Amino acid sequence: MEFTCCEYLLYQIVFSQDTVIPCCCSPTNNYKSTFINDFNGQKFNINEYLNKRNEYISMLKAGNIPACCKGCSRLIKKEWNEIFKINRIIITHRTKCSCNCIYCSLIATSNQTKQELNTRNTYDIKPVLKNMYDNNIIDNNCIITVAGGECSEYPKEELEFILYLALILNCRLEILSNGIIYSDAIAKILQAGKCRLKISVDSGTKATFEKIKRVKAYNLVWENLKKYGLAAKKGKNSELIIKYIILPNINDNLKEIQSFINKCNKINQNKIELAVEYLWFERNKEKRASENIKNLYNKLKQAKFTISFESNEIKSWLSN
Ligand code: SF4
Ligand code: SF4
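All figures in this text were calculated on a predicted structure; none of them were measured in a lab.

Another point: the overall build of the chain. When you go through the chain residue by residue, the secondary structure sums to 13 helices and eleven strands. By the compact-globule yardstick of 20 Å for 320 residues, the chain fits well, its C-alpha radius of gyration being 20 Å. Taking the principal axes of the C-alpha coordinates as reference, the chain spans close to 55 × 45 × 40 Å. Buried residues in the chain amount to 34% of all 320 residues. Partitioning the contacts of the chain with sequence separation of at least 6, the portion at a separation of at least 24 is 76%.

Spelled out as structure tokens, the structure:
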């Protein structure tokens, strides 16, 4: 049947701090799309999730856009395949992280201090994933994204379980890390294949790294990038992506980007992802990119890096 819907509602599941949600991109602050509220890992009930999902879909089929989705650019009218299987799982229930980025959305969007985020108790995702696996609701082509806080600081057996599940299901893994703590488990899964590890450094010099990350770990991160890069080269379809989030007036100058290029070349890595700090971008995306940002982008293109973008919106903004 043709109707207006989005692929996140149909096929994606996000385990956030205390809710299970279809996406992280609701355009409104007043309403959030939610499958399960007050989630603590104990109550994951596939039928409860399915009922809520089907409620949203019935509304959309009847032509009623849920309040949380009004104005969302991801809504598309087309013939949707409604066969139920999850094809994307995003794990982001933990908040502990040794880094302290100035743009951290955990701090910006919650009422918790860094210390509270670092000591906060949360649920164990293992039984939840096991339940999904036992009920055969994970698609063969599923992508599992392991985010944070910082996944190398998850309890060891929890991270290993996620990686093991991805391996036996032959899923593609996407791991987001700050690169400060080297994880043997991540290196092993890179070597096993089908794993994309993304590490955001946002800088080429120590001074700028410390200004943005607010920790003294510049050399450590580049050493770990080198080791992960070697592991990724051994794994079929694995890759290391070094991310550069542009922060206007902080890291959008040619000296910084040239140092970044030199550092990447030194460890023989050339796959990068560009993003723009999300709060700044929301305020300024109607304006054109500044000369500084255009020069930075041109410099990266001249360096012949393989460049991807955090979103198509950022790609077209940088390209215009
Ligand atoms: S339409 Fe937008 S806000 Fe609603 S679930 Fe999909 S991506 Fe999220
Ligand atoms: S690495 Fe991620 S979770 Fe940690 S402080 Fe930076 S943005 Fe926040």
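Here we come to the site of ligand 1. Surveying the vicinity of ligand 1 reveals 13 residues, the closest of which are Cys6, Cys23, Cys69, Cys72 and Arg74. Of the residues belonging to the shell around ligand 1, the class tally is ten nonpolar, two polar and one charged.

On to the domain arrangement of the chain, then. Looking at the chain, the domain boundaries give domain 1 (2-79) and domain 2 (86-319). One C-alpha centre belongs to domain 1, the other to domain 2; they are set 25 Å apart. Contact with domain 1, which involves eleven residues of that partner, is made by 18 residues of domain 2. Looking at which element gives the most residues to the side of domain 1 that touches domain 2, the answer is strand β2 (residues 12-15), with four residues. When its residues are assigned to classes, the side of domain 1 that touches domain 2 shows six nonpolar, five polar and no charged.

Next up on the list: the site of ligand 2. In the neighbourhood of ligand 2, the contacting residues comprise Cys97, Cys99, Asn100, Cys101, Cys104, Leu106, Gly148, Gly149, Glu150 and Asn178. The class makeup of the residues in the shell around ligand 2 is five nonpolar, four polar and one charged.

Before going further, it helps to spend a moment on the sheet that holds strand β9 (residues 239-246). Read across the open sheet, the nine strands follow the order β3-β2-β5-β6-β7-β8-β9-β10-β11; overall the sheet is mixed. Bordering the open sheet on either side are β3 (20-21) and β11 (306-309), each of which pairs with just one other strand. Looking at chain direction, strand β6 (residues 138-146) and strand β7 (residues 172-177) are connected through four bridges and run parallel. Looking at β7, one finds that Val146 is bridged to Ile175. Across the sheet, helix α7 (residues 184-192) touches β7 and β8 (195-200), and the angle it forms with β8 is around 135°. Contacting β10 (271-276) and β11, helix α13 (residues 312-319) crosses the sheet at an angle of about 85° to β10.

Our next topic: the nonpolar core. Membership of the largest hydrophobic core comes to 71 residues, with the highest contact counts inside it found for Val146, Ile162, Leu173, Leu190 and Leu197. Element by element, the count of residues in this core is highest for helix α9 (residues 218-234), at six residues. Two domains each provide a minimum of three residues to this core, namely domain 1 (2-79) and domain 2 (86-319). When residues no more than four places from it in sequence are discounted, the contact partners of Ile162 are Ile91, Ile125, Leu129, Ile144 and Val146.

What follows deals with unusual backbone geometry. The backbone phi angle of Asp202 is positive, close to 60°, even though this residue is not glycine. Within the secondary structure, Asp202 sits in the loop between β8 and α8 (206-213). With 24 C-beta atoms counted inside 10 Å, the residue Asp202 sits in the buried group. A positive phi angle is found at Arg214, which is not glycine, with a value near 55°.

This next bit is on the environment of Asn64. Mapped onto the elements, Asn64 comes out in the loop between α2 (46-61) and β4 (76-79). With 11 C-beta atoms counted inside 10 Å, the residue Asn64 sits in the exposed group. Taking the C-alpha atoms as reference points, Asn64 and Thr4, separated by 60 residues in sequence, lie 9.3 Å from one another.

Where helix α5 (residues 126-134) meets helix α6 (residues 156-169), the axes come as close as 10 Å, and the angle between the chain directions of the two elements is 20°. In terms of their interaxial angle, α5 and α6 are classed as roughly parallel. α5 and α6 meet at a crossing whose hand is left-handed. The segment α5 lies against α6, with Lys126, Leu129 and Tyr133 engaging Glu158, Phe161, Ile162 and Leu165.

Our focus in this paragraph is α8. Within α8, burial applies to Thr208, Phe209, Ile212 and Lys213. Projected onto a plane normal to the axis of α8, the buried residues spread over an arc of 115° and lie on a single side. In this fold, the buried residues of α8 make contact with α9 and α10 (254-266). One or two positions beyond α8, positive phi appears at Arg214, with a value near 55°.

The interhelical angle for the contact between α7 and α9, taken along N-to-C directions, is 30°, at an axis separation of 6 Å. Looking at the two axes, α7 sits roughly parallel to α9. You can see that α7 and α9 cross each other, and the crossing is right-handed. Within the contact between the two elements, α7 uses Ala187, Leu190 and Gln191 and α9 uses Lys227, Tyr228, Ala231, Ala232 and Lys234. Its residues placed into classes, the contact of α7 with α9 shows five nonpolar, one polar and two charged.

Thresholds, definitions, all that
Residues numbered from 1 in each chain as written. Chains lettered and ligands numbered in written order. Predicted model: local features only at pLDDT ≥ 70, side-chain atom pairs only at ≥ 80, totals over all residues. Helix = DSSP H or I, 4+ residues; strand = E, 2+ residues; numbered from the N terminus. Rg over C-alpha atoms; globule rule 2.2 N^0.38 Å. Buried ≥ 20, exposed ≤ 12 C-beta atoms within 10 Å, placed from the backbone. Contact = placed C-beta atoms within 7 Å. Near = placed C-beta within 6 Å. Nonpolar A, V, L, I, M, F, W, Y, C, P; charged D, E, K, R; others polar. Domains from an automatic or database assignment. Pairing = 2+ DSSP bridges. Axes fitted to C-alpha atoms, helices over the stretch in contact; angles between N-to-C directions. Core = buried A, V, L, I, M, F, W, Y, C linked by C-beta atoms within 7 Å. Parallel < 35°, antiparallel > 145°, perpendicular 65-115°, else oblique. Left-handed = near helix turned anticlockwise from the far one by under 90°. Arc of directions from axis to C-beta.

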